[in-house]
Amino acid sequence: MNIVLGVTGGIAAYKAVSLARLLVLAGHELHVVPTADALRFVGLPTWEAISRNPVTTSVHDDVPEVRHVRLGQQADLVIVAPATANTIARMATGIADDLLGTTLLATQATVLVAPAMHTEMWEHPATQANVQVLRERGIEFIGPESGQLTGADSGPGRMSEPEAIAEAVDRILTESDLETPAPDLEGIRVLVSAGGTREPIDPVRYIGNRSSGRQGVALAAAAAARGADVVLVSANIEQSVLDDAIHPRVRIEPVGTATEMQGVVEREVASADIVIMAAAVSDYRVAKVADGKLRKENSRGKGMSIALTENPDILAGLVQEHRRSGLTIVGFAAETVASEEELVERGKRKRARKGVDLLAVNAVGWNEGFEAGDNSLIFIDASDSVTGAVQGSKREVADALLTEVLRARGNEPL
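Residues numbered from 1 in each chain as written. Predicted model: local features only at pLDDT ≥ 70, side-chain atom pairs only at ≥ 80, totals over all residues. Heavy atoms only, no water.

1. What to know about the sheet that holds strand β18 (residues 374–381)
Right, on to step 1. Pairing within the open sheet is mixed, and its eight strands lie in the order β12-β11-β8-β13-β16-β17-β18-β19. In this open sheet, the two edge strands, each paired with only one partner strand, are β12 (250–255) and β19 (386–393). The sheet shows a mean angle of 20° between the axes of neighbouring strands, taken without regard to direction.
Right, on to step 2. When strand β17 (residues 358–363) meets β18, the two strands line up antiparallel, connected through four bridges. Bridging from a neighbouring strand, valine 361 pairs with isoleucine 378 of β18.
Right, on to step 3. Helix-sheet contacts for helix α12 (residues 314–322) involve β13 (274–277) and β16 (328–335), and the interaxial angle to β16 is about 155°. (Pairing = 2+ DSSP bridges. Helix = DSSP H or I, 4+ residues; strand = E, 2+ residues; numbered from the N terminus. Axes fitted to C-alpha atoms, helices over the stretch in contact; angles between N-to-C directions. Contact = heavy atoms within 4.5 Å.)

Right under this line is the structure:
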């Protein structure tokens, strides 16, 4: 793929050298466009040696080739790493008085931005407003991370590591290879739950699970791309993951506990056509949450017992109390099993207990399902028949599930 790497004037420019190397070793055609300030951190010969292509910084270079426009036109992906607060502001207002600025205005490719700046600059309302403007235009962001900055400072603002950015590049390019989805969900309202609920023990601790929320976020993004209006009920999902769901047709409703999720889901289901409960909801909560931190010294070496009480079954409640004509309810089942046969059998039993129109069941374990980039699902319909299976990236799996949901809906009016 043809990638343009824009490098701006921050100390994190040294990390961009490693990113450039990773992209070249992955087989991409790389053109580096540094700003004048970036060259004060890493010199032009380094960029040319790593990218294996000539590097220029002025709109007046290679005028016969119209380089200041051609770079953006021919790019499959444009990356800005590091992206300073100044660069983000310039992007938001469309300033194009250097080669990077004209390249960004001339491209129709996906743009991936990796911010890097001090915490105060990142959290400033002006920067946050500029970031929101760019996200609304479809610009993708990765990071920033929280960690050691220049000097003695530490906090949010650290540029994501080159390896993480390279992984994001692979994801974006893989998704761009997929056919543009048909708007087969246009006019449909989709309610998706994602992430993992957390049940407090005391002000410090909680009972939780390993769900990252990536599959639910992918479902929300895929549904929006296919024309749906989406409400994403987000339970404790990291912002870097949640960023993938940012879309004009996606409204994000953050929650923490199972009870909070139940309240939002039951409020939103009234206007939904499809409900997909992809979140990992805790089955139990602490019967009595401590007002203060539970301390080991108070146990006197005798250990500690915590009484649990069942959480409401949100999915079963939707089926029993909110089912109506035109509403399709989809459940998820994550199981630890020894075989695919056992997985299917457990899935059928759960579908029957919940009464959902469609169940997506997957195997989970220490190294699969949760926190992984890929997923695999088996689909079980209302007659307890296995109607299909899919394996791939969580976005690919999301699209396959949405197609299966449309099949389950049959010829019902949209």
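2. Observations regarding the sheet that holds strand β1 (residues 2–7)
Right, on to step 1. Here five strands make up an open sheet; going across it, the order is β2-β1-β3-β4-β5 and the pairing parallel. With one partner strand each, in any of the chains shown, β2 (29–34) and β5 (140–141) form the two edges of the open sheet.
Right, on to step 2. Alignment of β1 against strand β3 (residues 77–83), held across four bridges, turns out to be parallel. Among the inter-strand pairings, leucine 5 is bridged to a residue of β3, identified as isoleucine 79.
Right, on to step 3. Against the sheet, helix α4 (residues 85–93) makes contact with β3, β4 (110–115) and β5, and its axis sits at roughly 140° relative to β3, the strand it touches most.

3. Section: the pattern of salt bridges
Right, on to step 1. Tallied over the full model, the rule gives 21 salt bridges.
Right, on to step 2. With a shortest N-O distance of 2.2 Å, arginine 90 and aspartate 97 are connected by a salt bridge.
Right, on to step 3. For arginine 90, a relative accessible area of 21% gives the class partly exposed.
Right, on to step 4. Put simply, arginine 189 and aspartate 273 hold a salt bridge, and the shortest N to O gap is 3.3 Å. Of this pair, arginine 189 sits in strand β8 (residues 189–195) while aspartate 273 is found in the loop between α11 (258–268) and β13, placing the two residues 84 residues apart along the sequence.
Right, on to step 5. The exposure class assigned to arginine 189 is partly exposed, which follows from its relative accessible area of 40%.
Right, on to step 6. Its relative accessible area of 11% is what places aspartate 273 among the buried residues.
Right, on to step 7. A single salt-bridge network, built from bridges that share partners, covers Asp184, Arg226, Arg395 and Asp399. (Salt bridge = Lys/Arg side-chain N within 4 Å of Asp/Glu carboxyl O. Buried < 20%, exposed > 50% of the residue type's maximum accessible area, 1.4 Å probe, protein only.)

4. Here's the deal with the side chain of glutamate 268
Right, on to step 1. Structurally, glutamate 268 can be placed in helix α11.
Right, on to step 2. Side-chain polar atoms of glutamate 268 contact the side chain of arginine 251, separated by 3.1 Å.
Right, on to step 3. Excluding residues within four positions of it along the chain, glutamate 268 makes contact with Leu191, Val231, Arg251 and Glu253. (Polar contact = N/O pair within 3.5 Å; in protein donor to acceptor, adjacent residues only side chain to side chain.)

5. A word on the packing of aromatic side chains
Each pair of aromatic rings is reported with the distance of its centres and the angle of its planes.
Right, on to step 1. One pass over the full model with this rule turns up zero aromatic pairs.
Right, on to step 2. Looking at arginine 135, its charged tip hangs above the ring of phenylalanine 141, at a distance of 5.1 Å from the centre. (Phe/Tyr/Trp six-rings, centres within 6.5 Å; stacked < 30°, edge-to-face > 60°. Lys NZ or Arg CZ within 6 Å of the ring centre and 35° of its normal.)

6. Section: the nonpolar core
Right, on to step 1. Core analysis: the biggest nonpolar cluster contains 36 residues, and Val190, Leu219, Val230, Leu232, Ile276 and Leu401 have the highest contact counts within it.
Right, on to step 2. Take this core: its biggest share by element is seven residues, from helix α9 (residues 214–225).
Right, on to step 3. Counting residues in hydrophobic clusters, the runner-up holds 31 residues, among them Leu5, Leu30, Leu112 and Met159. (Core = buried A, V, L, I, M, F, W, Y, C linked by side-chain atoms within 4.5 Å.)

7. Points about the UniProt feature "binding site: CTP" (unreviewed entry) in the protein chain
Right, on to step 1. Here, the residues flagged by UniProt with the feature "binding site: CTP" (unreviewed entry) are Asp283, Lys293, Pro312, Asp313, Ile314, Leu315, Phe332, Lys350 and Lys354. Their sequence span is 72 residues, while the largest C-alpha to C-alpha distance among them is 37.2 Å; these annotated residues do not converge on one region. Among the residues just listed, Asp283, Pro312, Asp313, Ile314, Leu315, Phe332, Lys350 and Lys354 line the second largest pocket.
Right, on to step 2. What makes isoleucine 314 buried here is its relative accessible area of 4%.
Right, on to step 3. Setting aside residues up to four positions removed in sequence, isoleucine 314 forms contacts with Ala258, Met261, Gln262, Val265, Met277 and Val281.
Right, on to step 4. Counting through the fold element by element, lysine 354 comes out in helix α13 (residues 340–354).
Right, on to step 5. Taking relative accessible area as the criterion, lysine 354 reaches 14% and is therefore assigned buried. (UniProt positions renumbered as here; feature names shortened; annotations may be inferred. 1 Å grid on protein atoms, 1.4 Å probe; cavity = no way out; pocket = protein on both sides within 12 Å on 5 of 7 lines; lining within 4 Å.)

8. Thoughts on the domain arrangement of the protein chain
Right, on to step 1. Domain annotation of the protein chain identifies domain 1 (2–177) and domain 2 (189–410).
Right, on to step 2. The gap between the C-alpha centroids of domain 1 and domain 2 is 35 Å.
Right, on to step 3. Contact residues are listed per partner, giving six residues for domain 1 and five residues for domain 2.
Right, on to step 4. Considering only the surface of domain 1 that becomes buried against domain 2, Arg135, Arg171 and Glu175 emerge as the three largest contributors, covering 59% of it.
Right, on to step 5. If you look at where domain 1 meets domain 2, you find two salt bridges.
Right, on to step 6. Between arginine 171 and aspartate 244 there is a salt bridge, with its nearest N and O atoms 3.6 Å apart.
Right, on to step 7. Where domain 1 touches domain 2, the interface holds one residue pair in polar contact (both at pLDDT 80 or more).
Right, on to step 8. Listed by contribution, the elements that provide at least two residues to the side of domain 1 that touches domain 2 are α7 (125–136), β5 and α8 (162–177).
Right, on to step 9. Tallied by class, residues from the side of domain 1 that touches domain 2 come to one nonpolar, no polar and five charged. (Domains from an automatic or database assignment. Buried area = accessible area lost by both parts, 1.4 Å probe. Nonpolar A, V, L, I, M, F, W, Y, C, P; charged D, E, K, R; others polar.)

9. Notes on α7
Right, on to step 1. When the terminal C-alpha atoms of α7 are compared, their 16 Å separation across twelve residues agrees well with the 16 Å that a helix rising 1.5 Å per residue should span.
Right, on to step 2. Turning to α7, its buried residues number three or more, namely Thr127, Asn130, Val131, Leu134 and Arg135. The arc that holds every buried residue of α7, seen down its axis, measures 140°, which confines them to one face. Across α7 from its buried face, at more than 90 degrees, point the exposed residues Pro125 and Glu136. (Expected span 1.5 Å × (residues − 1). Arc of directions from axis to C-beta.)

10. Description of the layout of surface pockets
Right, on to step 1. Roughly 1000 Å³ of internal volume is contained in the second largest pocket.
Right, on to step 2. Around the second largest pocket, the lining is made up of 40 residues, and of these Ala279, Ala280, Val281, Asp283 and Lys350 lie nearest the centre.
Right, on to step 3. Among the elements of the structure, α9, α12, β16 and α13 are those that each provide at least two residues to the lining of the second largest pocket.
Right, on to step 4. Per-element tally for the lining of the second largest pocket: the top contributor is β16, with four residues.
Right, on to step 5. When its residues are assigned to classes, the lining of the second largest pocket shows 15 nonpolar, 14 polar and eleven charged. (Points joined across faces, edges and corners; volume = space filled by probe spheres on them.)

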